[in-house]
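Descriptive structure summary
Okay, here's what each chain looks like letter by letter:
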Amino acid sequence: MAVAGAVPIDVLVDLLAVFIIAAGVGIFVAKIGRVPYTIALLLAGFAASILGVSVDIELSHDLILLVLLPPLLFEGAATTDLERLRRNLLPILTLAIPGLLLSVAVLGLLGTYAFEFSLLVSLLFASMILPTDPVSVLALFEELGAPERLSVLVEGESLINDGVGVVLFTALLAHVTGRNAGGELLTASGLGTLALEMAFVSAGGLVVGLAAGYAIYRVMANLDEHMTEIVLTIILAYGSFVLAEHYLHVSGVIATVAAGTFLGNRGAEYAMSPQTKLSIFNTWETGAFIVNTFIFVMIGVTTPISDLLAHAELIAIAIVLVLFARAIAVYPLTYLVNRVTNPSVSLRYRHVMFWGGLHASIPIALVLGLPSGETLTPELRTTLRALVFGVAAFSLVVQGFTMSSLLDRLGVVTRSDAEELYELLVGRARAVDSALEAADELEGAGELAPEVYSDFTAEYEREKKQLNRTISQLLTEYPELRREQLLASERRILQREKAALRDAMREGVVSDDVGEHLLEEANLKLDHVHDGVSTVERREEGYEEFWRERAREFGLTIQSEPETSDEQS
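These figures come from a predicted structure and were not determined experimentally.

1. What to know about the overall build of the chain
Helices and strands together make up the secondary structure of the chain, namely 23 helices and zero strands. The buried share of the chain, reckoned over its 569 residues, is 48%. Residue pairs at least 24 apart in sequence account for 79% of intrachain contacts in the chain once pairs closer than 6 positions are excluded. As displayed, the chain offers around 29000 Å² of accessible surface, 59% of which is attributable to carbon and sulfur atoms.

2. A word on the environment of A288
Tracing the sequence through the fold places A288 in helix α12 (residues 274-302). The class for A288 is buried, based on a relative accessible area of 6%. Ignoring sequence-local partners within four residues, the contact set of A288 consists of L72 and E75.

3. Digging into helix α6 (residues 119-129)
The buried count for α6 comes to ten of eleven residues, which makes it a mostly enclosed element. Listed in full, the buried residues belonging to α6 are L120, V121, S122, L123, L124, F125, A126, S127, M128 and I129. Looking at the buried residues of α6, the elements they touch are α5 (89-114), α8 (148-177), α14 (312-338), α16 (361-368) and α17 (378-410).

4. A short note on unusual backbone geometry
A negative phi angle is the norm for most residues apart from glycine, just as the trans form is the norm for most peptide bonds. For E116, which is not glycine, the phi dihedral falls at a positive 60 degrees. With respect to the secondary-structure elements, E116 resides in the loop between α5 and α6. Non-glycine residue H249 carries a positive phi angle of around 60 degrees. Looking at where H249 falls in the secondary structure, it is placed in the loop between α10 (226-247) and α11 (252-270). Overall, H249 belongs to the exposed group, its relative accessible area being 59%.

5. Description of the nonpolar core
Judged by nonpolar contacts, the single largest core of 113 residues is most densely connected at L107, F125, M128, L130, L370 and L384. Those residues in contact with L370, other than ones at most four positions away along the chain, are L124, M128, F169, L173, L376, R381 and L384. In terms of nonpolar packing, the next biggest core, distinct from the first, is built from 18 residues, F74, M220, L236 and W284 among them.

6. Digging into the pattern of salt bridges
The full count for this structure, using the stated rule, is four salt bridges. Residue E463 is joined to R428 by a salt bridge in which the shortest nitrogen-to-oxygen separation is 2.7 Å. Separated by 35 residues along the polypeptide, E463 in helix α19 (residues 450-477) and R428 in helix α18 (residues 417-444) bring together distant segments of the chain. Judged by its relative accessible area of 32%, R428 falls in the partly exposed class. With its nearest N and O atoms 2.9 Å apart, the salt bridge here joins E459 to R462. Taken as a pair, E459 and R462 lie in helix α19 at a separation of three residues, close to a single helical turn. Taking the relative accessible area as the measure of exposure, E459 reaches 40% and is therefore partly exposed. Overall, R462 belongs to the partly exposed group, its relative accessible area being 47%.

7. Considering the packing of helix α15 (residues 347-355) against α17
Interaxial distance between α15 and α17 falls to 9 Å at its minimum, and their mutual angle equals 165 degrees. The angle between the axes of α15 and α17 places the two elements in the roughly antiparallel class. Where α15 crosses over α17, the handedness of that crossing is left-handed. Within the contact between the two elements, α15 uses R348, H351, V352, F354 and W355 and α17 uses F394, V398, Q399, T402, M403, L406, L407 and L410. Here the contact of α15 with α17 is built from residues that sort into nine nonpolar, three polar and one charged.

8. Brief notes about α11
Across its 19 residues, α11 extends 26 Å between first and last C-alpha, which sits within 8% of the 27 Å expected from 1.5 Å per residue. In α11, a bend of some 30 degrees at L263 exceeds every other bend along the element. Counted residue by residue, α11 has 16 buried out of 19 residues, so it is predominantly covered. Here α11 starts with a cap whose side-chain oxygen sits 3.1 Å from the backbone nitrogen of I254, and that cap is S251.

9. Examining the environment of E197
Mapped onto the fold, E197 is located in helix α9 (residues 188-221). For E197, a relative accessible area of 35% gives the class partly exposed. Sequence separation of E197 and L168 is 29 residues, and the distance between their C-alpha atoms is 9.0 Å.

10. Considerations on the packing of α6 against α17
Relative to each other, α6 and α17 sit at 30 degrees, their axes nearing to 11 Å. The way α6 lies across α17 gives a crossing that is right-handed. When α6 is examined against α17, the residues V121, F125, M128 and I129 are found in contact with a partner set consisting of L380, L384, L387, V388 and V391. The class makeup of the residues in the contact of α6 with α17 is nine nonpolar, no polar and no charged.

11. Considering a nonpolar patch on the surface
Where nonpolar side chains cluster on the molecular surface, the patch consists of L15, F19, F289 and I290 and spans about 330 Å² of accessible area. Contributing elements (two or more residues each) for the nonpolar patch: α1 (9-32) and α12. By the secondary structure assignment, F289 is in helix α12. Classification of F289 by relative accessible area gives partly exposed; the value is 46%.

Each value, and the rule that gives it
Residues numbered from 1 in each chain as written. Predicted model: local features only at pLDDT ≥ 70, side-chain atom pairs only at ≥ 80, totals over all residues. Heavy atoms only, no water. Helix = DSSP H or I, 4+ residues; strand = E, 2+ residues; numbered from the N terminus. Buried < 20%, exposed > 50% of the residue type's maximum accessible area, 1.4 Å probe, protein only. Contact = heavy atoms within 4.5 Å. Areas by Shrake-Rupley, 256 points an atom, 1.4 Å probe, with all protein chains shown as cover. Core = buried A, V, L, I, M, F, W, Y, C linked by side-chain atoms within 4.5 Å. Salt bridge = Lys/Arg side-chain N within 4 Å of Asp/Glu carboxyl O. Axes fitted to C-alpha atoms, helices over the stretch in contact; angles between N-to-C directions. Parallel < 35°, antiparallel > 145°, perpendicular 65-115°, else oblique. Left-handed = near helix turned anticlockwise from the far one by under 90°. Nonpolar A, V, L, I, M, F, W, Y, C, P; charged D, E, K, R; others polar. Expected span 1.5 Å × (residues − 1). Bend = angle between axes of the 7 residues up to and from the residue. Polar contact = N/O pair within 3.5 Å; in protein donor to acceptor, adjacent residues only side chain to side chain. Patch = residues over 30% accessible without salt bridge, like charges linked within 9 Å, V, L, I, M, F, W, Y side chains within 5 Å.

Below is the structure:
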C-alpha cells in the first residue's frame, strides 16, 4: 500500500528497470569489449524504445539541468588539471568562445534556407545543438584513453563552451519569445546588448563559482573528516549552480565548473588529506558514472523514433550543416592559434577535435525546456525536438562509435598495453602499502595478534618486493614509458616544491623577495618539464639552482656525493 507523500512505487520500479538495462549492457560490454559503454547504453535505450518498453520517468529539462548536470560538470572540472588547462588555455578559449559564436552564426544563416526557419529561430537551434557536450565527451575519452593533451583540449573546450552555449541560448530565447522578436536583436545595438548580457552572466557565474569554491575550501582547510568533506563538495556542486542560476540570475553552469576546478586543484593540494582526497574523488567518480548511466539509457528510451522518421530528410540536412559549422570553427581558428602558440595543435588532433564534438544531454535539456508561444508553435517545437534528438543520436552513435577507429587511423596513440600494465602494478603497489599501514595500526592498537601480524606482513612484503622488481623491469624494457612517468612525477614534485615555498613565505621562514626568486626558479623548471626536458635524469644535473652560485660567491665548497660502485662501473 502506498504511503501518502512517499515516492510512488512505479517510479522506483522504472528506475530499477533503467539500471537493470544498464547492468545488462555492462555485462555485455565486459564480455565482448571494444564497444564504448556509453554508446552501448544509448543503443540499448533505442532498442527498448523500439520494442515498446516504456519508462515513466520523464527526462525533463529541469531533471537534466538541475539534478543530473551539476554533478557531471563538477566531477569533470574537479578532475581537470589546472596546470595542463593553463598551458592549453588559448586554443581552448578560442574554440569555446569565438569558435562557438562563429559556428552558431554560420549554422544560423544556413538554417534559414535549409529549414525555412526565421533567422532568430535558426540561431536558437544553432545555440542549442552546437555546444559540445561534456557528459558524452568526458565519458568517451576516459573509456578510449585518449592522449593527455588531446583530452585536455577537447574536455576543456566542452566544459567552457557548454556554459557559453547555455548563456547564448537563454539570451536568444528571450528575444524569440519576446514582443520584439522580429528584429531588435539583429541590429548593431541589439548585438551589442546581447554581447554585454553574455559577458555579465558568464563573469557573474565565474565569480559565484570561485567565491563558493573558496568558502568551502576555507572550511575544508581546517577540517579533517572525509565523510563531512564529501558532503561539503556535494553542497558546493549543487549550491553554486542554484545560487548562480536561480538567485543571482547568472550562469549556473559556469559557476559549477569554476567551483569544481578551484576545489579540485587548490583544494586538493592544500585542503585535503590523502584519505580525504581519495574518498572525495572516488565518490564523485562513482556518482558521475551512475548519472551518466541513467542519462544515456534515458536518452535512448525517450528518443521520439516516430518524429525522427517523419523528419528524416531535415535531420540528414541538419547533420551535414552541424558538421560543416563545427569544421568552420575548428580548422581556421586552430590554424590562427598555431601561429602564436607553442606547441601547436597538430592536424591529427584537429581532426579528432572536429569529429569529437559530440552533442547529447545539454541540447536535449534545452529543447525539452522550450516554452510554447506565438513564435514557438507546437509544430515548430516538434520539428526542433526531432532535429536535436536526430543530430544527438548521430553524434553519439556514429561519431562516438567511430572515434576509436579514427584515433587508430590517424596514429593518435591511446593508452598502450604497457601503460595499462604500469597502472595495474602501481595501483596494486599502493594497495599493498595501504594494507601494510593498516596492519601496523591494528597491531599497535592490539587488535591484531602478533603471529597473524607476522604472517600478514611477511606475505605483503614479499608481494611489495615483487611488484617493485616488476615495475623496474617494465620501465627498463619500455624507456618511453619510463620517460613519461619521470616527467609526470617531476611535475607533481615541483608542484609540491612550490607549495612548500608558499608555506615558508606565509610563515615568515623565507622573506618575500627570496621566496619569489625561488618560486620563479621552480616555474622555470616546470617550463623545462612541460617542454619534455627533465632536470633530474642525467648524471650531470640538468638545471643548476641559483643557490649553488650564491654559495660559491661566499667561498663555500659544494661537496658532491661519492659515486657508488654501480655508478663507477
